[in-house]
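Summary of structural features
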Amino acid sequence: MVREILVYPDKRLKTISEEVTSFDEELHTLLDDMYDTTKAQIGLGLAAIQIGVPKRVFILTIPEGDSEEMVSREETLEIINPVFTLLEGKVKKQEGCLSVPGYYEDIERYSHAIVEYQDRHGEKHTIDNDEFLAIALQHENDHLDGKIFVEKLSILKRKKFEKKWKKKFK
Ligand code: CO
């Protein structure tokens, strides 16, 4: 089921999400709804708090290679209770967010990330990546801590953004 995405500066996006302890039907429905919602917006990722659910859950739907097709539900990366065990290097790439629709800007992140997480059944996994996935993991993980990528902009760029954003909703 497609759910409504909270849009910046909705205060709920500042919530610090809570760890998942039951890997039950409710969690599976949440993950399925998150996939439907991301697909409907042709997004690359979504955190549960973006649909108002304060749980440490996000999904990533990054296509393989140059494919422009939306990844299937089976290929979707479902990340629960992530913990970074390594973050190193620097990279600057353009980011966007379904909660800040239509705005894209270069953001500096770590270029190499190792993250430990659980899947929908509670099984533990590790991802070690130094490509786009490493950046996406950091972007989505920030949502779990109530942070949005525009907070990482320089003061000047942030001011410009806030001005533009306010106009958009007048
Ligand atoms: Co986002």
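This text goes with the structure placed above it.
So, here's what we can say about the structure.

Calculation notes
- Residues numbered from 1 in each chain as written.
- Predicted model: local features only at pLDDT ≥ 70, side-chain atom pairs only at ≥ 80, totals over all residues.
- Heavy atoms only, no water.
- Donors = N, O, S within 2.8 Å, 3.2 Å for Na, K, Ca; no water.
- Helix = DSSP H or I, 4+ residues; strand = E, 2+ residues; numbered from the N terminus.
- Buried < 20%, exposed > 50% of the residue type's maximum accessible area, 1.4 Å probe, protein only.
- Patch = residues over 30% accessible without salt bridge, like charges linked within 9 Å, V, L, I, M, F, W, Y side chains within 5 Å.
- Areas by Shrake-Rupley, 256 points an atom, 1.4 Å probe, with all protein chains shown as cover.
- Salt bridge = Lys/Arg side-chain N within 4 Å of Asp/Glu carboxyl O.
- Lys, Arg positive; Asp, Glu negative; His and termini not counted.
- Charge placed at Lys NZ, Arg CZ, Asp CG, Glu CD.
- Phe/Tyr/Trp six-rings, centres within 6.5 Å; stacked < 30°, edge-to-face > 60°.
- Expected span 1.5 Å × (residues − 1).
- Arc of directions from axis to C-beta.
- Pairing = 2+ DSSP bridges.
- Axes fitted to C-alpha atoms, helices over the stretch in contact; angles between N-to-C directions.
- Contact = heavy atoms within 4.5 Å.

Here's the deal with the coordination of the cobalt ion
Around the cobalt ion, the protein contributes the donor atoms Cys-97 (SG), His-139 (NE2) and His-143 (NE2), which lie 2.1 to 2.3 Å from the metal centre. Sequence spacing of the donors to the cobalt ion: C-x41-H-x3-H. Of the two residues, Cys-97 sits in the loop between strand S4 (91-95) and strand S5 (105-109) while His-139 sits in helix H2 (residues 132-144), which places them 42 residues apart along the sequence. When sorted by exposure, Cys-97 lands in the same class as His-139, which is buried.

Examining a positive patch on the surface
A cluster of basic residues, Lys-163, Lys-166, Lys-167 and Lys-170, forms a positive patch on the protein surface. Position of Lys-167 relative to the elements: it lies in helix H3 (residues 155-168). A relative accessible area of 62% means that Lys-167 is categorised as exposed.

With respect to the packing of aromatic side chains
With the rule as written, the count across this model stands at 4 aromatic pairs. Judged by centre distance (4.5 Å) and plane angle (50°), the rings of Tyr-103 and Phe-161 are tilted. With Tyr-103 in the loop between S4 and S5 and Phe-161 in helix H3, this pair connects stretches of sequence that are 58 residues apart. Neither Tyr-103 nor Phe-161 differs from the other in exposure class; each is buried.

Some remarks on H3
The end-to-end C-alpha distance of H3, which contains 14 residues, comes to 20 Å, matching closely the 20 Å that a straight helix rising 1.5 Å per residue would cover. Considered for burial, the residues of H3 that qualify are Phe-161, Glu-162 and Trp-165. Along the axis of H3, the buried positions cluster into a sector of 100°, meaning they face one direction only. Facing away from the buried surface of H3 by more than 90 degrees, the exposed residues are Leu-156, Lys-159, Lys-160, Lys-163, Lys-164 and Lys-167.

Focus: H2
End to end, H2 covers 19 Å across 13 residues, agreeing with the expected 18 Å (1.5 Å per residue, within 8%). Counting buried residues in H2 gives 12 out of 13 residues, a clear majority hidden from the surface. Within the sequence span of H2, burial applies to Leu-133, Ala-134, Ile-135, Ala-136, Leu-137, Gln-138, His-139, Glu-140, Asn-141, Asp-142, His-143 and Leu-144.

Considering the sheet that holds strand S1 (residues 45-47)
One open sheet holds the 5 strands; their spatial order is S1-S2-S3-S6-S7, and the pairing between them is antiparallel. Of all the strands in the sheet, the pair left with one neighbour each is S1 and strand S7 (124-129). If you compare each strand with its neighbour and ignore which way they point, the axes differ by 35° on average. In the sheet, S1 pairs with strand S2 (residues 57-60) via 3 bridges, with the strands oriented antiparallel. Following the sheet pairing, Gly-45 is matched in S2 by Leu-60. In the packing of helix H1 (residues 25-40) onto the sheet, contacts are made with S1, S2 and strand S3 (77-88), and the angle to S2 comes to roughly 40°. Strands in contact with H2 are S1, S2, S3, strand S6 (112-118) and S7; relative to S2, the strand with the most contacts, it is inclined by about 150°.

Here we look at a negative patch on the surface
Together, Glu-88, Asp-128, Asp-130 and Glu-131 give the surface a local cluster of negative charge. Along the chain, Glu-88 turns up in strand S3.

What to know about the pattern of salt bridges
This model, assessed by the stated rule, comprises 13 salt bridges. Across the pair Arg-56 and Asp-145 runs a salt bridge whose closest N-O atoms are separated by 2.8 Å. Taken as a pair, Arg-56 in the loop between S1 and S2 and Asp-145 in the loop between H2 and H3 lie far apart in primary sequence, 89 residues in all. For Asp-145, a relative accessible area of 28% corresponds to the partly exposed category. Residues joined in a network through salt bridges with shared partners are Asp-32, Asp-36, Arg-73, Glu-78 and Arg-120.

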